[in-house]
2 protein chains.
Amino acid sequence: MLLLRRCRRLTAGLSPAQAQRARPATSTAPSWCGVGGGSRSSSGGGEDGQTSQDPRWRPALAGLLAGTGAVLAYGLHHHKAERPASPMEPALPVFSQAEVSKHGSLEAGVWVTFRGGVYDITEFVAMHPGGDKILLAAGGALEPFWALYAVHSQDHVLDILSEYKVGELDPEDQARQRAVEPSDPYSGDPQRHPVLRVNSAKPFNAEPPPSLLGDSYITPSAIFFKRNHLPVPRVDPASYRLRVEGLPRPLSLSLADLKGRFPKHTVTATLQCAGNRRSEMNAVKQVKGLNWGIAAIGNATWSGALLRDVLREGGWGPEAAAAAAGGGARHVQFEGLDADASGTTYGASIPLNKALSEEGDVLLAYQMNGEDLPADHGYPLRVVVPGTVGARNVKWLGKVIVSREESASHWQQNDYKGFSPGTDWDTVDFKSAPAIQELPVQSAITQPADGAVLERDADGEVTVRGYAWSGGGREVVRVDVSLDGGKTWQVARLREGDGEGEEQGEAPPPPPPPGRAWAWKLWEVVAPLPPGEQQVEIVCKAVDNSYNMQPDSVAPIWNLRGVLSNAWHRVRVTVRED
Amino acid sequence: MLLLRRCRRLTAGLSPAQAQRARPATSTAPSWCGVGGGSRSSSGGGEDGQTSQDPRWRPALAGLLAGTGAVLAYGLHHHKAERPASPMEPALPVFSQAEVSKHGSLEAGVWVTFRGGVYDITEFVAMHPGGDKILLAAGGALEPFWALYAVHSQDHVLDILSEYKVGELDPEDQARQRAVEPSDPYSGDPQRHPVLRVNSAKPFNAEPPPSLLGDSYITPSAIFFKRNHLPVPRVDPASYRLRVEGLPRPLSLSLADLKGRFPKHTVTATLQCAGNRRSEMNAVKQVKGLNWGIAAIGNATWSGALLRDVLREGGWGPEAAAAAAGGGARHVQFEGLDADASGTTYGASIPLNKALSEEGDVLLAYQMNGEDLPADHGYPLRVVVPGTVGARNVKWLGKVIVSREESASHWQQNDYKGFSPGTDWDTVDFKSAPAIQELPVQSAITQPADGAVLERDADGEVTVRGYAWSGGGREVVRVDVSLDGGKTWQVARLREGDGEGEEQGEAPPPPPPPGRAWAWKLWEVVAPLPPGEQQVEIVCKAVDNSYNMQPDSVAPIWNLRGVLSNAWHRVRVTVRED
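Conventions and cut-offs
- Residues numbered from 1 in each chain as written.
- Chains lettered and ligands numbered in written order.
- Predicted model: local features only at pLDDT ≥ 70, side-chain atom pairs only at ≥ 80, totals over all residues.
- Heavy atoms only, no water.
- Helix = DSSP H or I, 4+ residues; strand = E, 2+ residues; numbered from the N terminus.
- Buried < 20%, exposed > 50% of the residue type's maximum accessible area, 1.4 Å probe, protein only.
- Contact = heavy atoms within 4.5 Å.
- Areas by Shrake-Rupley, 256 points an atom, 1.4 Å probe, with all protein chains shown as cover.
- pLDDT = per-residue confidence, 0-100.
- Buried area = accessible area lost by both parts, 1.4 Å probe.
- Polar contact = N/O pair within 3.5 Å; in protein donor to acceptor, adjacent residues only side chain to side chain.
- Nonpolar A, V, L, I, M, F, W, Y, C, P; charged D, E, K, R; others polar.
- Pairing = 2+ DSSP bridges.
- Axes fitted to C-alpha atoms, helices over the stretch in contact; angles between N-to-C directions.
- Least-squares fit on C-alpha atoms with pLDDT ≥ 70 in both.
- Core = buried A, V, L, I, M, F, W, Y, C linked by side-chain atoms within 4.5 Å.
- Phe/Tyr/Trp six-rings, centres within 6.5 Å; stacked < 30°, edge-to-face > 60°.
- Arc of directions from axis to C-beta.
- Salt bridge = Lys/Arg side-chain N within 4 Å of Asp/Glu carboxyl O.
- Patch = residues over 30% accessible without salt bridge, like charges linked within 9 Å, V, L, I, M, F, W, Y side chains within 5 Å.
- Lys, Arg positive; Asp, Glu negative; His and termini not counted.
- Charge placed at Lys NZ, Arg CZ, Asp CG, Glu CD.
- Disulfide = S-S within 2.5 Å.

Right, let's talk about the overall build of chain A for a bit. Assigned secondary structure in chain A consists of 17 helices and 27 strands. The buried share of chain A, reckoned over its 578 residues, is 60%. For chain A, restricting intrachain contacts to residue pairs at least 6 apart in sequence, the fraction spanning at least 24 positions comes to 75%. Summed over its atoms, the accessible surface of chain A is roughly 22300 Å², and 51% of this surface lies on carbon and sulfur atoms.

Now the structure itself:
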């Protein structure tokens, strides 16, 4: 309860509304999104204007690193390249920007500049996990894109680049480049709570300390994990319009429309990043991606219009379903307003039947935990797809498209998919695996922490707490906990709802309707520490109502992107005798 | 292909229609079901009449062994009883049947007779897993019920009983008993194919050899696993009526009604017994139940009326849903026509939303693989609940009831549920776990067989084949196969559909709609045998499109009923050098 109170103070201390107010009202930062041509900020930023005036920045290096952290894999991969390193060459030729610009294609060679050097990366293009999007950089400078994907600022990335150096850029052209360097595209990002553990600052990715997470049934917005792929777009709520396409009657809806013309629905749902617990896969063998701990998951109350209602307003119904696209519409695509320098926006899609189902509960949400969405969570509108991986819950929603096809985005097609442990970057065929939608059953121990030292007191007991959840609306029905590394098990007490009524002796809330258990369950075991043991391995595993269980170990589910990490969670603690 | 052809010959050799014709047309066996008062056979059997005339057989020992094989657990349990064994007592008193009959309650003591002995089983009642149904036997003879549940005919069951012996039954009463002993209630069971491996003859439970199973995408009805809880009822199709209750307009439907008034739907769906692969749990620690191998699963084409259509015909709709039972109807109960001596029928239920969903595909099926249902598979009508454990696919369907409550049957309430490996018969609380509905992801190796000896030929390769399936309509998207006990993995080729078009170079069939992948996938890997190894452990594990995976090992998912056995499947083979 102490932790719970502390957690609530955190929220009170930095409400979403305050976090938004904390942004400077008259920022000079560039706008990375224009909303229906009417965004107030799109004509404001000075640097934005400059950028537009310089054609060399557009087309740009969009998607150079579509998945943050991908450079880690580049390094591994590069050792297989046959080209010998040549960092020792004494005097390299000097090239003008005009000469560099001629090398803007695979045929002519792909050159880029960085900090006054000229690099021929033609041979690297084929090794680029994001495919030929890297060609958008051809003939220009890397700096603006490395500002966007700040994870590049690591020594080994520079080492890789150095191997491709072919010359120096003319000093006069270097001076011209410096004059047009854009400001930091992340300067408009909101202020964040200092308790968060930051995995990547730009784009911002962070998770709360596990002990806070496990102590609050509803995760306060301020400590809810942040998973951004791009800078947070600044959206003017007055001019905002959601466009809905692929329907008999395309729609353009203002926030007032969304709030006034459709019933408001509220759903308590857990969102989890596909990469939650990736650090455990990294411990087996390095994977590509942010090194998340166990807290890239959270549970919140979301309010908004049902996507189903909006699609019906646009004329979707049995007749439209039969007529539209030869009856073949099967997906709903979402486009975010967060964009990279080339204008490529974040995107994802879900199956149409999930969107249309009365039991799908897919929201166009404008509130989180009873307040306007915080900037980091998609203000002013996001999709909430209960039971489905975080990546499909598109934030800063700009467009909804009913389509025969899945989203063509990198994140739907070439990321967020699961592969066999035997599949590596040389053999992976992204088309061979389905995009992750529903997530598998999951649980983790939030207390005690891994590596904690416990004092063995008079009763010799330990309190173990954690969370458990499963995708697809499957309710967690049991959590087994072991204090001997998995040899023997006991059943944890599941704490229904927020547990407040329970503490006051009230009946627990009714169970969710079948197939609609969107929210996690927190659980607790108070059990005797094994007598005489100084090293104790505590393990948990959850079971959902389809009786799927978590796999025992990490190695057999290891995959090159480090997603879907849901093996038994283990924490090792040291017990000190009193 | 050789096996496939052989398999088809098996079917051709004994079609379901033939199997039914094989039953004697004018049987004198008793009928264990009466259908709406109009069953032709209900007035036919001589023994049936005798049984009815003898009040001592009714009330009877219904549900003494509701789960076949439960006696195995009794044995284990009995060792904990405090009562010392007393088989050596030299001379026990003689009781008349009238005296025995006075001991028909817990208050008066619970006595039963068996083969001339009198037994006081009062203390055993509390240890009976099926609860106080055992009291139906009080004051009477065990023989007719042990004929029904033939698994009792084992020495250790007699040993248990012997410990409760208190006397001898008067010889004159013994003679009277013999005069009214009923004939074998299983005498009306259909003929079965001799290739089946029989786990229990009465009731009949059998599975095909795995190699046959894995070689045929559609499992021929003759070799499809049989899982009967009671004698096969003999149902007259002309007088058969399905009663549908709990609706604004209760229905009584003939077979002609079901075939003529509702569109015929055909679904290819895999059914799996909850106890499939129980033998692997038994190898860890003995469980209660039939010792199934890996073939208590099969894939067939089922045709019939949609349950949804029938419920709507009965007036079910949004209005009825709101009005019925205070809007609280949540389940659809099914009652079979297979009954025990007390008239208790097999029963189960499913969630109402599964029955009503357009995407649920729940059938009232009258055909299997294009022919009338075989007697063992529910002739003339059964429920097929795709994606759901076999136990809810009630055969010989007599009644459908929309209700606020789950089925009250033993099989819904006190069986077919999963528990923690730490839960035993002393601590189990059946109310604490949900009835199994959707099954977890599953796969197994059908070739080579466990223990097989392989010759290492010139190419040194082995062909590994198997099946993979998941509950809830979740499509299997990948099967990983290891030839080194799980250290390294390769991806199996999934054979879509029946593979016939594939062999002729045709495009594979379109994928099932999302959430409606009801049929299994067969898979195959041709891989080099590990060089130099004489002992090879082959392992498989499947992944479904919610990315649930099979757990690594059996012990951590062990449960006292031995259900939900879906750990990695392992076969060990010996390799002989050529």
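More follows now that the structure is in view.
The next thing to look at is the confidence of the model for chain A. Residues of chain A with pLDDT of at least 70 account for 77%, and the chain-wide mean is 82. Listed scores for the predicted complex are pTM 0.76 and ipTM 0.75.

Attention now goes to the interface of chain A and chain B. Much of the literature gives interface size as the accessible area that the parts lose upon coming together. Of the residues lining the interface, 39 residues belong to chain A; the matching set on chain B comes to 40 residues. Summed over both partners, the interface of chain A with chain B comes to about 3100 Å²; 52% of that surface belongs to carbon and sulfur atoms. On the chain A side of the interface with chain B, the three residues burying the most area are A:Tyr547, A:Asn548 and A:Met549, jointly 20% of the side's total. Our count for the contact surface shared by chain A and chain B stands at 19 residue pairs in polar contact (both at pLDDT 80 or more). The element contributing the most residues to the side of chain A that touches chain B is strand β22 (residues 476-482) of chain A, with three residues. The residue makeup of the side of chain A that touches chain B, split by class, is 21 nonpolar, nine polar and nine charged.

This part takes up the sheet that holds strand β13 (residues 331-339) of chain A. The strands making up a sheet associate through hydrogen bonds between their backbones, and the pairing can be parallel or antiparallel. All names here are of chain A. Pairing is mixed across the open sheet formed by five strands, whose spatial order is β10-β9-β18-β13-β14. A single partner strand is all that each edge strand has here, and the edge strands are β10 (251-253) and β14 (345-351). For this sheet, the mean inter-axis angle between neighbouring strands, taken without regard to orientation, is 15°.

What follows is about the relation of the copies chain A and chain B. Superposing chain A onto chain B requires a rotation of 180° together with a translation of 0.0 Å along the rotation axis, leaving an RMSD of 0.1 Å. With respect to symmetry, the two chain copies, as superposed, fit the operation of a two-fold axis. Taking C-alpha positions as reference, the residue of chain A nearest the rotation axis is A:Pro551, located at 2.0 Å. The residues that chain A uses at the interface reappear at the interface of chain B in 100% of cases, marking a shared surface.

So, on to the nonpolar core. With 75 residues, the main nonpolar core has A:Leu242, A:Leu311 and A:Leu397 as its most contacted residues. Among the nonpolar cores identified, the runner-up in size contains 74 residues, and B:Val244, B:Ala329, B:Val389 and B:Trp469 belong to it.

A word on the packing of aromatic side chains. Residue and element names in this part refer to chain B. All told, the structure shown has 20 aromatic pairs over all chains when counted by the stated rule. Their ring planes at 65° and their centres at 4.7 Å tell us that Phe 95 and Trp 111 sit as a pair that is edge-to-face. A residue pair is termed long-range when its members are at least 10 positions apart, and Phe 95 in strand β1 (residues 94-95) and Trp 111 in strand β3 (residues 109-114) qualify at 16 residues. The exposure class assigned to Phe 95 is buried, which follows from its relative accessible area of 15%. Aromatic side chains Tyr 346 and Trp 411 sit 4.7 Å apart centroid to centroid with 45° between the ring planes, which places their arrangement in the tilted category.

Before going further, it helps to examine the side chain of A:Ser482. Residue and element names in this part refer to chain A. Within the fold, Ser 482 resides in strand β22. Since its relative accessible area comes to 0%, Ser 482 is described here as buried. For Ser 482, the side chain forms a polar contact with the side chain of Asp 484, separated by 2.6 Å. At a separation of 2.8 Å, a polar atom in the side chain of Ser 482 contacts the main-chain amide nitrogen of Gly 486. Contacts of Ser 482, omitting those with residues within four sequence positions, involve Lys 487, Thr 488, Trp 489, Glu 537, Ile 538 and Val 539.

Attention now goes to helix α8 (residues 155-162) of chain B. Looking only at α8(B), the buried set comprises B:Val157, B:Ile160 and B:Leu161. Viewed end-on, α8(B) has its buried residues packed into an arc of 100°, placing them on one side of the element.

Residues and elements named next belong to chain A. The tally for this structure, following the rule as stated, stands at 44 salt bridges over all chains. The partner of Arg 465 in a salt bridge is Asp 215, with the nearest N and O atoms 2.4 Å apart. In this pair, Arg 465 is assigned in strand β21 (residues 461-469) and Asp 215 in the loop between α10 (210-213) and β8 (226-227), connecting sequence segments 250 residues apart. Given a relative accessible area of 4%, Asp 215 falls into the buried group. A salt bridge links Arg 576 to Glu 455; the shortest N-O distance between them is 3.3 Å. One end of the pair, Arg 576, is in strand β27 (residues 569-577); the other, Glu 455, is in strand β20 (residues 453-456), with 121 residues separating them in the sequence.

A separate point is the side chain of A:Asn393. All names here are of chain A. If you trace the backbone, Asn 393 turns up in the loop between β17 (382-384) and β18 (397-403). Owing to a relative accessible area of 2%, Asn 393 belongs among the buried residues under this scheme. A distance of 3.4 Å separates the side chain of Asn 393 from the backbone oxygen of Thr 388, its partner in a polar contact.

Right, let's talk about a negative patch on the surface for a bit. The grouping of A:Asp457, A:Asp459, A:Glu461 and A:Asp578 at the surface amounts to a negative patch. Take A:Glu461: it is sitting in strand β21.

What follows concerns the environment of A:Arg178. In this structure, A:Arg178 sits in helix α9 (residues 171-179). It is 9.4 Å that separates the C-alpha atoms of A:Arg178 and A:Arg115, two residues lying 63 residues apart in sequence.

Bringing the pairing of strand β14 (residues 345-351) of chain B into the picture now. Residue and element names in this part refer to chain B. With six of seven residues buried, β14 is to be regarded as a mostly interior element. Strand direction decides the pairing type here: strand β13 (residues 331-339) and β14, joined by six bridges, are antiparallel. Bridge assignment links Glu 335 to a residue of β14, and that residue is Gly 347. Hairpin connection between β13 and β14: a loop of five residues separates the two successive antiparallel strands, and Gly 343 in this loop has a positive phi of roughly 90°.

Attention now moves to the environment of B:Val166. Residue and element names in this part refer to chain B. Its place among the elements puts Val 166 in strand β5 (residues 165-169). Residue Val 166 is classed as buried on the basis of its relative accessible area of 19%. Here the alpha-carbon distance between Val 166 and Phe 95, two residues 71 residues apart in the chain, equals 9.4 Å.

Here the focus is the sheet that holds strand β19 (residues 442-447) of chain B. Residue and element names in this part refer to chain B. Judged by pairing direction, the sheet is antiparallel, and its four strands sit side by side in the order β19-β21-β25-β24 without closing on themselves. The outermost strands of the open sheet, each flanked by one partner alone, are β19 and β24 (493-495). Averaged over all pairs of adjacent strands, the angle between strand axes in this sheet comes to 30°, irrespective of strand direction. Relative to strand β25 (residues 521-528), strand β21 (residues 461-469) is paired through eight bridges, and the arrangement is antiparallel. Residue pairing across strands places Thr 463 opposite Val 526, the latter belonging to β25.

Attention now goes to the pairing of strand β19 (residues 442-447) of chain A. Working note: regular strand, side chains alternate between the two faces of the sheet. All names here are of chain A. For β19, the buried fraction is high: five of the six residues fall into the buried class. Direction of pairing for β19 relative to β21: antiparallel, over a ladder of five bridges. Opposite Ala 444, over in β21, you have Tyr 467 as the bridge partner.

Turning our attention to the state of the cysteines. Residue and element names in this part refer to chain A. Throughout the structure, instances matching the rule amount to zero disulfides over all chains. Here Cys 273 stays free of any disulfide, with the sulfur of Cys 540 as its closest cysteine sulfur at 19 Å. Residue class for Cys 273 comes out buried when judged on its relative accessible area of 7%.

Moving on: the environment of A:Gly109. Residue and element names in this part refer to chain A. Along the polypeptide, Gly 109 turns up in strand β3 (residues 109-114). With eleven residues separating them in the primary sequence, Gly 109 and Asp 120 have C-alpha atoms 7.0 Å apart. In this view, Gly 109 contacts His 103, Gly 104 and Thr 122; residues no more than four positions away in its chain are not counted.

Before going further, it helps to spend a moment on unusual backbone geometry. Omega for the peptide link from A:Gln447 to A:Pro448 comes to 0°, which places this bond in the cis form. In this structure, A:Pro448 sits in the loop between β19 and β20. Residue B:Pro203 follows B:Lys202 across a cis peptide bond; omega there is -5°. As for its placement among the helices and strands, B:Pro203 is situated in the loop between β6 (197-200) and β7 (205-207). Its identity is not glycine, yet A:Asp361 carries a phi of approximately 55°, on the positive side. Residues other than glycine seldom take positive phi values, yet A:Trp396 does so here, at roughly 45°. Looking at the secondary structure, you find A:Trp396 in the loop between β17 and β18.

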